[in-house]
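# Coordinate analysis (summary)
As a plain string of letters, each chain reads:
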Amino acid sequence: MTVIDIPGSKSVTARALFLAAAAEGTTTLLRPLVSDDTEGFAEGLGALGYAVRRESDAWHIEGRPAGPGADTADVYCRDGATTARFLPTLVAAGHGTYRFDASPQMRRRPLGPLSTALRGLGVDLRHGEKDGHHPLDVHAHGVKGGALTLDAGQSSQYLTALLMLGPLTAEGLDITVTDLVSEPYVEITLAMMRSFGAEVTREGRTYHVAPTGYRARTYGIEPDASTASYFFAAAALEPGRSVTVPGLGTGALQGDLGFVDVLRRMGADVEITEAGTTVRSTGTLRGLTVNMRDISDTMPTLAAIAPFADGPVRIEDVANTRVKECDRLDACAENLRRLGITVDTGPDWIEIHPGTPTGPAEIATHGDHRIVMSFAVTALRTPGITFDDPGCVKKTFPDFHRVFDAFVHTP
């Protein structure tokens, strides 16, 4: 059995940085993810006047409940969706003028529902070029609060950003959601908010957030479940192989750990304990139809091993994967076809037929870290696979290729 230490969760680290910046006192984050996305978030906080001190295994953030220390700032969000959506929301509760921009990839990704909601709360937010996209300016003067309606069918991050804003408003927020994707990510948000002292409840589709503010604390970041999916998939694919990821067990916050339940349905042996999760190959992968709406970041992982199943693998309700770092649904289909696999797609689904992927072939990554890491698993049984941009894994796991190679060559 191979034991793999997975880097900290990107989702948890980003939320923790927001909450720490908004809290009264100094927060210490233990084992935060160190990657392009999280470093960009921390850099953005620094530009806004928050004190962030980074050590090798702990980051210390001095909270500013009243808002950014800088009256004006230019923030570059890189490729980070959490940075690009959370930081403009954070500064809205302060006072000052702040300009945000992002990479061409992030500029293409939408944030219109979040912009509309913030404007509805009285925030002076202006898009510089295309409405609903970066760049944008926020002329902040605090947020009174109130009631709003939100469509979070494209991204749960819209709802997360507004929920985390709620305790910083003068009167609190009541957020009614008309549609919601990736709901387990919202559960992460709620649990973390409460651990920082917030009071938030839910009645049906409405979330009630009290204007409590936040309290600083020491907070440990659990391993990234989405990143763990590549190692779990590899273990399920390769006969005789098993892998254990410690720190990601029954108490994990992240819904993407549910990916191992998909592997279990396909025939893998899965054991989840309080200490961690183990996946073992049984030598069989069965075809299946699965709704991945709530764990859509692991859709490419499943697509990458789907050809090796004994029947078709149909993944449904993943329309939101079309507005990620790239159109992941089409990217998976394109690359599997390059490998000789028969693939059908629709607006929100992909069906992958059994077959033997054949190389050599260069995977078109579209600059998307998850395409690279997913097809690294396919490459275990497909000689000759290369990537046009292998370095884009720096977004969430800069050391992925070394760690995965070591895992593959461990008996």
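Residues numbered from 1 in each chain as written. Predicted model: local features only at pLDDT ≥ 70, side-chain atom pairs only at ≥ 80, totals over all residues. Heavy atoms only, no water.

### Some details on empty space enclosed by the protein
- Using the criterion set out here, one finds 4 cavities of 30 Å³ or more in the structure.
- Roughly 220 Å³ of volume is contained in the largest cavity.
- Together, 21 residues line the largest cavity, and Lys10, Gln157, Tyr185, Asp297 and Lys324 are the ones closest to its centre.
- The space that makes up the second largest cavity amounts to roughly 50 Å³.
- Lining the second largest cavity are Arg85, Arg109, Pro110, Gln154, Ser155, Tyr158, Asn320, Val323 and Lys324. (1 Å grid on protein atoms, 1.4 Å probe; cavity = no way out; pocket = protein on both sides within 12 Å on 5 of 7 lines; lining within 4 Å. Points joined across faces, edges and corners; volume = space filled by probe spheres on them.)

### A few points about the side chain of Asn335
- Relative to the helices and strands, Asn335 is located in helix H11 (residues 328-338).
- A distance of 2.8 Å separates a polar side-chain atom of Asn335 from the backbone nitrogen of Ala364.
- With residues up to four places along the chain from it excluded, the contact list for Asn335 reads Glu362, Ile363, Ala364, Ile371 and Phe375. (Helix = DSSP H or I, 4+ residues; strand = E, 2+ residues; numbered from the N terminus. Polar contact = N/O pair within 3.5 Å; in protein donor to acceptor, adjacent residues only side chain to side chain. Contact = heavy atoms within 4.5 Å.)

### A word on the state of the cysteines
- Tallying each qualifying case throughout the model produces 0 disulfides.
- Of all cysteine sulfurs in the structure, the one in Cys332 sits closest to Cys326, which takes part in no disulfide; the separation is 7.6 Å.
- On the basis of relative accessible area, Cys326 is assigned to the buried category, the value being 10%.
- Looking at Cys332, the relative accessible area reads 0%, which means it is buried. (Disulfide = S-S within 2.5 Å. Buried < 20%, exposed > 50% of the residue type's maximum accessible area, 1.4 Å probe, protein only.)

### Let's talk about the pattern of salt bridges
- Counted according to the given criterion, the structure contains 29 salt bridges.
- The partner of Glu334 in a salt bridge is Arg338, with the nearest N and O atoms 3.2 Å apart. You can see Glu334 and its partner Arg338 sitting in helix H11, 4 residues apart, about one turn around the helix.
- The closest approach of N and O atoms between Asp399 and Arg402, which form a salt bridge, is 2.7 Å.
- Asp399 sits in the partly exposed class, given a relative accessible area of 32%.
- Overall, Arg402 belongs to the exposed group, its relative accessible area being 53%.
- Overlapping salt bridges, with partners in common, bring together Lys10, Asp37, Arg109, Asp297, Lys324, Glu325, Arg328, Asp368 and Lys395 in one network. (Salt bridge = Lys/Arg side-chain N within 4 Å of Asp/Glu carboxyl O.)

### Some details on the nonpolar core
- Counting residues in hydrophobic clusters, the biggest one holds 73 residues, and the most contacted among them are Leu159, Leu162, Leu163 and Tyr214.
- Ranked by residue count, the leading element in this core is helix H1 (residues 10-22), at 9 residues.
- Sequence-distant contacts of Tyr214, that is, excluding residues within four places in its chain, are made with Leu19, Ala22, Ala23, Glu24, Leu163, Met164, Pro167, Leu168, Met193, Phe196 and Ala198.
- Counting residues in hydrophobic clusters, the runner-up holds 67 residues, among them Tyr230, Ile305, Cys326 and Leu336. (Core = buried A, V, L, I, M, F, W, Y, C linked by side-chain atoms within 4.5 Å.)

### Considering the sheet that holds strand E4 (residues 51-54)
- Strand order in the open sheet formed by 4 strands is E4-E5-E3-E15, and the pairing between neighbours is mixed. This sheet does not close on itself; its edge strands, each paired only once, are E4 and strand E15 (218-220). Mean inter-strand twist for the sheet, computed between neighbouring axes without regard to direction, equals 15°.
- Sheet topology places strand E3 (residues 26-30) next to strand E5 (residues 58-62); 5 bridges connect them, and they run antiparallel. Its bridge partner lying in E5, Thr28 is registered against His60. (Pairing = 2+ DSSP bridges. Axes fitted to C-alpha atoms, helices over the stretch in contact; angles between N-to-C directions.)

### Some words on the packing of aromatic side chains
- Applying the stated criterion to the full structure yields 10 aromatic pairs.
- Judged by centre distance (5.3 Å) and plane angle (70°), the ring pair of Phe231 and Phe407 falls under edge-to-face. Pair noted here: Phe231 is in helix H8 (residues 225-237) and Phe407 is in helix H13 (residues 400-408), with a separation of 176 residues, a long-range link.
- Ring centres of Phe397 and Phe400 lie 5.8 Å apart, and the angle between their planes is 70°; on these two criteria the pair is classed as edge-to-face.
- With relative accessibility at 5%, the residue Phe397 sits in the buried group.
- You can call Phe400 buried: its relative accessible area is 0%.
- Aromatic rings pair up to connect Tyr230, Phe231, Phe397, Phe400, Phe404 and Phe407 into one cluster.
- The lysine or arginine in question, Arg314, covers the ring of Trp349, its NZ or CZ lying 4.1 Å from the ring centre. (Phe/Tyr/Trp six-rings, centres within 6.5 Å; stacked < 30°, edge-to-face > 60°. Lys NZ or Arg CZ within 6 Å of the ring centre and 35° of its normal.)

### Examining the sheet that holds strand E13 (residues 206-209)
- In space, the 4 strands of this open sheet follow the order E10-E11-E13-E12, with mixed pairing throughout. Edge strands, defined here as strands with exactly one partner in the open sheet, are strand E10 (146-152) and strand E12 (200-203). Within the sheet, the average angular offset between the axes of one strand and its neighbour, ignoring direction, is 20°.
- Inspection of the sheet shows E12 paired to E13 by 4 bridges, in the antiparallel sense. Counted as the bridge partner of Arg202 is Tyr207 from E13.

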